[in-house]
Amino acid sequence: MYTRIIVAVDSSHAANRALDEAIKIAKDSAATLRVIHVLDDLSIYLVTNPYAGYYTGELIENLRQEGKKILEQAHARAAAAQVQVETVLYDDLGLPVEERILTAAQDWPADLIVMGTHGRRGMKRAMLGSSAEAVLRASPIPVLLVRTP
């Protein structure tokens with residue numbers, strides 16, 4: 001069925017549920033799972049102002065370290081389920097999250113993308129946007145969205 005599954009994680013409940021689902025699919029399909037974490041330019045932009053108390057370099061390094069921890073935990077969960085797993089941290093800060101995920105899936109190449117979604121509607125969705133929705137709309141390969149209640 002699937003041989004190369006990519007799942008994006010960020011430590012949110014939605015991403016953790018997506019990881020669990022990706023692990024199940026990878027195990028059932030004997031697929032390789034690639035777990036990715038993408039540093040988000042927007043988050044850095046929003047907190048790097050004179051009142052935030054961070055220097056940009058310090059913040060980026062903190063985000064890198066947190067990303068590595070997230071990936072280590074995801075790797076451990078997949079390995080415990082006896083799934084072949086690899087992890088990649090994207091910290092180049094050049095692309096929006098959804099574009100980085102699509103590029104990563106194309107470059108690897110994955111045959112399934114798994115992502116969590118919060119299922120926001122209305123004003124929250126308009127203000128926060130949805131990387132999952134953007135990936136779903138633009139992806140040339142199947143995308144599985146795992147919703148969090």
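Residues numbered from 1 in each chain as written. Predicted model: local features only at pLDDT ≥ 70, side-chain atom pairs only at ≥ 80, totals over all residues. Heavy atoms only, no water.

- The protein carries the name Universal stress protein in an unreviewed UniProt entry, which gives Achromobacter piechaudii as its organism.
- Word for word, the UniProt comment on the protein under Sequence similarities (unreviewed entry) is "Belongs to the universal stress protein A family." (UniProt positions renumbered as here; feature names shortened; annotations may be inferred.)

## Examining the pattern of salt bridges
Then, number 1: This structure, assessed with the given rule, holds 7 salt bridges.
Then, number 2: Among the ionic pairs, Arg-77 bridges to Asp-20, the shortest N-O distance being 2.3 Å. One end of the pair, Arg-77, is in helix α3 (residues 56-80); the other, Asp-20, is in helix α1 (residues 13-29), with 57 residues separating them in the sequence.
Then, number 3: Residue classification places Arg-77 among the partly exposed residues on the basis of a relative accessible area of 32%.
Then, number 4: One salt-bridge network, in which partners are shared between bridges, spans Glu-61, Arg-64 and Asp-91. (Salt bridge = Lys/Arg side-chain N within 4 Å of Asp/Glu carboxyl O. Helix = DSSP H or I, 4+ residues; strand = E, 2+ residues; numbered from the N terminus. Buried < 20%, exposed > 50% of the residue type's maximum accessible area, 1.4 Å probe, protein only.)

## Focus: helix α6 (residues 131-138)
Then, number 1: Within α6, burial applies to Ala-132, Glu-133 and Val-135. Along the long axis of α6, the arc covered by the buried residues comes to 160°, so they all point the same way. (Arc of directions from axis to C-beta.)

## Notes on α1
Then, number 1: Here α1 spans 24 Å end to end across 17 residues, near enough to the 24 Å set by a 1.5 Å rise per residue.
Then, number 2: Within α1 the residues assigned to the buried category are Ala-14, Ala-15, Ala-18, Leu-19, Ala-22, Ile-23, Ile-25, Ala-26 and Ser-29.
Then, number 3: Backbone geometry just after α1 places Ala-30 at a positive phi near 55°. (Expected span 1.5 Å × (residues − 1).)

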